[in-house]
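Structural features, examined
Letter by letter, the chains look like this.
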Amino acid sequence: MAYVITQRCCNDASCVPECPVDCIRPTPEQPEFATTEQLYIDPDTCIDCGACVDACPVEAIFSEDDLTASLARFRDINASYFERHPLESNFDPLVTPSRPPKELGTLRVAIVGAGPAACYAADELLRRADVEVEMFDRLPTPWGLVRAGVAPDHPGTKSVSAMFESAFRRDTLQYRLNVEVGKHISHDELLGHHHAVIYAVGASTDRRLDVPGEDLAGSHSATEFVAWYNGHPDYAERSFDLSGERVVIVGNGNVALDVARVLTLPADELAKTDIADHALEALRNSNVREVVVLGRRGPLQAAYTSSEFLALGHLKGVDVVIDPAELELDPHSQALFDDPQIEPSLKLKYELAQEYAAETPNPENKRIVFRYLASPTEITGDDKVEALEFVHNELVEEDGRVVARASDRTEALSASMVLRSIGYKGRPVQDLPFDDRGGVVPNEHGRVVADGAHVTGVYVSGWIKRGPRGVIGSNRVDATETVEQVLEDFTAGKLAAPEGDRAALEALLSERQPDAIGREGWKAIDAAEKGAGKSAGRPRVKFTTIDDLLKAARG
Ligand code: NAP
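These numbers come from a predicted model, not from an experiment.

Let us look at the domain arrangement of the chain. Domain boundaries in the chain define domain 1 (3-84), domain 2 (107-204 + 426-517) and domain 3 (207-217 + 233-423). One C-alpha centre belongs to domain 1, the other to domain 3; they are set 28 Å apart. Opposite the 12 residues of domain 1 that make contact, domain 3 presents 17 residues. Interface of domain 1 and domain 3: buried area, both sides summed, is about 1,200 Å²; carbon and sulfur atoms make up 52% of it. Broken down residue by residue, the surface that domain 1 buries against domain 3 is led by Glu37, Arg73 and Arg84, which jointly contribute 53%. The tally of links between domain 1 and domain 3 comes to 3 salt bridges. For Glu343, the salt bridge is made with Arg84, and the minimal N-O distance between the two is 3.8 Å. Where domain 1 packs against domain 3, one counts 4 residue pairs in polar contact (both at pLDDT 80 or more). Ranked by the residues each element gives to the side of domain 1 that touches domain 3, the list is headed by helix α2 (residues 74-84), at 5 residues.

Quick look at the structure:
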């Protein structure tokens, strides 16, 4: 018997060093790690000890005997990775990372943001040095996209917050929630109270399609829709028109799949989750029966991961529909698919599409329809969205990348709502340089760079550092790299000692933001939400306005 890594894998690689026989791949040191969809366990080497299960922060690892029907296929998915990448054990003895010398005293670090990138950075600092970490967030709640981005029907993915909660239980880390950097405290004041400031502010806006009709009523970004159903206070007042039968989602990344599931899952299934009450009520009354997911490239280039695509096939009352004609491969993609060296995850992506295409949909079911090689050209309607017009694409190779080129064949799809799900984008951060094209703060391994030089004491981590790619656990390796630079600079004496200590910071904050929320306030919110959820058979019932969150924080 072996253990198997499944759909929820967060790629944070916590399991890798725990494996006594070194059979989990790829490791963060391997080049494949940067692009892998998930990690895999070699079934021939696994000794069934279960050490990886305890280390996994998102409950993604199961004994092969315990795999449910929807996860059974991951046994082969794990095994086939090792057919393509035979296990070569390169187990190096664990090297204990160096700590700054004691005589340097306590390192004070401000982290701006409280999402996964911020939390992994804080966790790494707490492990590696004598530190005081102050974690700022403009919202009264921590965990960023774990709370406001991860789909409500993926509770396992959210369990990473329990790991952070436990790592942050001591006073060495203090939450400074409901405090906005740039409003309640300036960048210079942060630097005055800390040796270093790490910005882990994510990528909070979205990309635009730049097609006519994009601003019609009923055309939104998926990021707004996601924030709305997850109860983000900035979006609680939004409304989305679910009165029509068809919604089109442009883009086919994992966010598009999250949104497609939320739009089609039975409301009674969603009612078991922590979805915001306002969204649950709207979805209960929804008339949506079909969600069309439009990808601009072909099925082999789709941005979703094969594990998320596979999971769609197990949704209650939902069919995945693909016209077999959409799966015809152009010569380049055919050659890629026929290559015996093809990555198993890529091969699976196409095979799953073929399986869906071969199924006969149940007319009683809702449908998620995948269209490929299609780019929107206009969103039309008199005063609200009525249709989306698109052009069929061909694939061509450009600078070593397969890109979509418009043909002269066009089509229109009637729809009452269009959601563009074409990626997040970082916003400029006050007082920091910004690369507008990439939507990132220019940096070298996390050290912020301006005019070709490092900005002393200022660092970035997560999506604002590397762009909006990767799953939650990808932030672990990223944060480790940033923290490494902080510790190196501190040890080399490059960081100015703070003028103000924690007491001075608290005095400043109590003057500027009397409603700042700390550990006790967050605990009170958390307990109240979980308490409300318990009686309703849900993990929590979220407060969705700042007022309600503040009331709950005061107990
Ligand atoms: P994404 O994976 O980058 O997908 C963006 C999609 O938009 C791609 O299909 C892309 O096509 C398309 N696109 C971009 N510009 C376009 C344009 N002008 N017109 C038409 N299509 C366009 O982004 P995402 O879905 O927002 O996800 C962000 C990250 O979060 C990803 O790494 C994702 O895996 C991760 N995430 C993971 C989960 C999960 O594990 N369950 C859930 C949510 C998000 P091209 O490929 O042709 O560029």
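What follows concerns the UniProt feature "binding site: NADP(+)" (unreviewed entry) in the chain. The UniProt entry lists Asn252, Gly253, Asn254, Val255, Arg296, Arg297, Glu308 and Gly470 under the feature "binding site: NADP(+)" (unreviewed entry), expressed in the numbering used here. Here Asn252 shows up in the loop between β11 (246-250) and α9 (254-264). If sequence neighbours within four positions are ignored, Asn252 has contacts with Leu257, Val293, Leu294, Gly295, Ala302, Ala303, Tyr304 and Tyr372. A distance of 3.0 Å separates the side chain of Asn252 from the backbone nitrogen of Ala303, its partner in a polar contact. With respect to the helices and strands, Val255 occurs in helix α9. Its relative accessible area of 25% is what places Val255 among the partly exposed residues.

In this section: the site of the ligand. What surrounds the ligand is a group of 22 residues, the closest being Asn252, Val255, Arg296, Arg297 and Gly470. The separation between an oxygen atom of the ligand and a polar side-chain atom of Asn254 is 3.2 Å. Contact distances for the ligand include 2.8 Å between an oxygen atom and a side-chain N or O atom of Arg296. Relative to its unbound accessible area of 910 Å², the ligand is 78% covered by the protein chains. Ranked by residues supplied to the shell around the ligand, first place goes to α9 with 3 residues.

Moving on to the sheet that holds strand β20 (residues 443-444). A sheet is described by the order of its strands in space; here 7 strands give the open sequence β7-β6-β5-β8-β22-β21-β20, paired in mixed fashion. Two strands close off the open sheet at either side, each with one partner strand: β7 (173-177) and β20. Bridge analysis of strand β5 (residues 107-112) against strand β6 (residues 131-137) gives 6 bridges, and the strand direction is parallel. Residue pairing in the sheet places Ile111 in a bridge with Met135 of β6.

Quick look at the sheet that holds strand β14 (residues 366-371) now. Within a sheet, adjacent strands bond to each other through the backbone by hydrogen bonds, running parallel or antiparallel. Strands sit in the order β10-β18-β11-β12-β14-β13 across an open sheet of 6 strands; the sheet is parallel. Of all the strands in the sheet, just β10 (219-221) and β13 (318-321) have a single pairing partner and so form its edges. For this sheet, the mean inter-axis angle between neighbouring strands, taken without regard to orientation, is 20°. Strand direction decides the pairing type here: strand β12 (residues 290-294) and β14, joined by 5 bridges, are parallel. Bridge pairing in β14 places Leu294 opposite Arg371. Each of β10 and β18 (417-420) touches helix α8 (residues 222-229); the most contacted strand, β10, lies at about 75° to it.

Rules used throughout
- Residues numbered from 1 in each chain as written.
- Predicted model: local features only at pLDDT ≥ 70, side-chain atom pairs only at ≥ 80, totals over all residues.
- Heavy atoms only, no water.
- Domains from an automatic or database assignment.
- Contact = heavy atoms within 4.5 Å.
- Buried area = accessible area lost by both parts, 1.4 Å probe.
- Salt bridge = Lys/Arg side-chain N within 4 Å of Asp/Glu carboxyl O.
- Polar contact = N/O pair within 3.5 Å; in protein donor to acceptor, adjacent residues only side chain to side chain.
- Helix = DSSP H or I, 4+ residues; strand = E, 2+ residues; numbered from the N terminus.
- UniProt positions renumbered as here; feature names shortened; annotations may be inferred.
- Buried < 20%, exposed > 50% of the residue type's maximum accessible area, 1.4 Å probe, protein only.
- Near = heavy atom within 4 Å.
- Areas by Shrake-Rupley, 256 points an atom, 1.4 Å probe, with all protein chains shown as cover.
- Pairing = 2+ DSSP bridges.
- Axes fitted to C-alpha atoms, helices over the stretch in contact; angles between N-to-C directions.

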